[in-house]
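# Summary of structural features
So the chains spell out like this:
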Amino acid sequence: MAKAPKRRQRARGYVEELPSGALRVVVYAGIDPVTKRRHYLRETIPANTPKAAEEAERAVRRLQTQVDERRQPRTNASLSQLIERHLELAELDETTRRTYRGYVRNHIEPLIGHVKVGAVDADVLDSYYAELRRCRHHCDRRPFTEHRTKTQHECDQRCRPHECRPLGASTVRQIHFILSGAFRQAVRWKWVSVNPMPTGKPPSAPKPNPRPPTADEAARILGEAFSDPAWGTFVWLAMVTGARRGELCGLRWSKVGLDQGTIVIDTSVAQNSSKKWLKDTKTHQHRRLTLDTETVTLLRKHREICDENAAKLETKLGLDAFVFSLAPDNSEHLVPDSVSQRYSKLAARLGIDTHLHNLRHYSATELIAAGVDIRTVAGRLGHGGGGTTTLRVYTAFVSEADQRAATALFDRLPSRPEQLSERERIQRSPRAPYEMIAAKLSAAIESGLLPEGTSLPPTKQLAEQHAVSEGTIRRALGLLRAWNLLDDSRQTKPIQ
């Protein structure tokens, strides 16, 4: 049976002997502000320590001094509890709050969330940052497979053996900022007496490296985008204004002054997984941008098309209709993630390594190259700090602009591609199988290979010749009839 520990009482503290022979020092430190329970400071003196009793007495006096000078941690709360309360009280944008909670869930709680706030010091922080830079999945160094999804699935090339990759420097710095804010609050709440975060060394901020598309790439992107006029207008406006994707998705016709040639950006669409909501702009700035005549003309044409599409379905655009929408009455905004995915697929088809946000860089660098002052560039982009962010991100481009003169931004943009009719587009660049067949037959009719009055073979025979279904042939013949090249009896008609 274990021997009961011997205890010698002292004012506000005592030393007790443990069954192992070690001495435990316990000093009362007040009421825990989190748990509302009595809070004690504890320290253990190993049994093999020379003059252990004297060392224990010194430990009692040291801990009592900390309590008297209020230098002791006043709570046994964990780091997870501190961060949770900090995020509940912090004045953060909802998008930022969700991002921070994701960092806490994935990178803080699994590693140091259990650590008491009073135990966090430079050693803990350095070890923690080293682990973040080792592996973003915080693996235990045993091999495993990284699956493309957590749901039931059949593995393909996207499910591959795990390879340790460090967490990005910018993400580690974001985590450092979360911890710093939480510990500043902990000092205010007197949970701890000293903020340990200044002793930690997060990675240096990565140098900004904007990679806007070149003029040739921009022209190719616009040429491909304008195969759908509405999508082309979206990409053009992103290139001209440098607006963020959420700001363009949330742009309403009531904020577009076609007669004045201006737009007002004061709303953005935020998205977190399947949840979407309207919010203020990222820097909470409402900005009014002047548009060039080409952009105004393009927006007028886009508005006409929107009105025509609504009229076909016996509806009309409301006062708060969105500029870009898939709804007949433009009552629903586009989804930011879907817009980015569509743009990435467009760039991939062209063999260009870029993403939608780079159009914002394109607008900024072209304005700088055109000799526009930094404060104006910052105002158009919605940067905070009166141009500090703009200078930091585009330093190299500012230096280049100092060495040359340029014209205004819209004079430097690539020419808008020629607007083709649906028939011209199919005849020049057919996509679907039925379009390819219709293009071949129309070329034969127009060249005289199938003269007026020629009867086309039966649908089944045409399907066998072109190795497609009969439904595809019927769709192709429908196009020829719409183009007035074929009559209802399947005979070719004279060229109009």
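What you are looking at is a predicted structure, and each value in this text was computed from that prediction instead of being measured.

### A short note on the UniProt feature "domain: Core-binding (CB)" (unreviewed entry) in the protein
Feature annotation in UniProt assigns "domain: Core-binding (CB)" (unreviewed entry) to the following positions: residues 77–187. With 56% helix and 4% strand, residues 77–187 has its two end C-alpha atoms placed 13 Å apart.

### Remarks on the nonpolar core
The biggest cluster of nonpolar side chains holds 43 residues, and the ones touching the most others in it are Trp-231, Phe-234, Val-235 and Val-256. Put simply, the parts of the chain that give this core at least two residues each are helix 6 (215–225), helix 7 (229–241), helix 8 (245–249), strand 8 (262–265), helix 9 (293–312), helix 10 (336–350) and helix 11 (358–369). The element that contributes the greatest number of residues to this core is helix 7, accounting for 8 residues.

### Re the side chain of Arg-425
The residue Arg-425 is located in helix 16 (residues 422–428) in this model. Here Glu-422 takes part through its side chain, which lies 3.0 Å from a polar atom of the side chain of Arg-425. Each residue touching Arg-425, except ones within four places of it in the same chain, is listed here: Leu-420, Pro-430, Arg-431 and Glu-435.

### Side note on the sheet that holds strand 11 (residues 287–290)
Read from one edge of the open sheet, 3 strands run 7-8-11, paired in antiparallel fashion. In this open sheet, the two edge strands, each paired with only one partner strand, are strand 7 (256–257) and strand 11. Pairing of strand 8 with strand 11, which is carried by 4 bridges, proceeds in the antiparallel orientation. For Ile-263, the partnering residue across the bridge sits in strand 11 and is Leu-289.

What counts, and where the lines are drawn
- Residues numbered from 1 in each chain as written.
- Predicted model: local features only at pLDDT ≥ 70, side-chain atom pairs only at ≥ 80, totals over all residues.
- Heavy atoms only, no water.
- UniProt positions renumbered as here; feature names shortened; annotations may be inferred.
- Helix = DSSP H or I, 4+ residues; strand = E, 2+ residues; numbered from the N terminus.
- Core = buried A, V, L, I, M, F, W, Y, C linked by side-chain atoms within 4.5 Å.
- Buried < 20%, exposed > 50% of the residue type's maximum accessible area, 1.4 Å probe, protein only.
- Polar contact = N/O pair within 3.5 Å; in protein donor to acceptor, adjacent residues only side chain to side chain.
- Contact = heavy atoms within 4.5 Å.
- Pairing = 2+ DSSP bridges.

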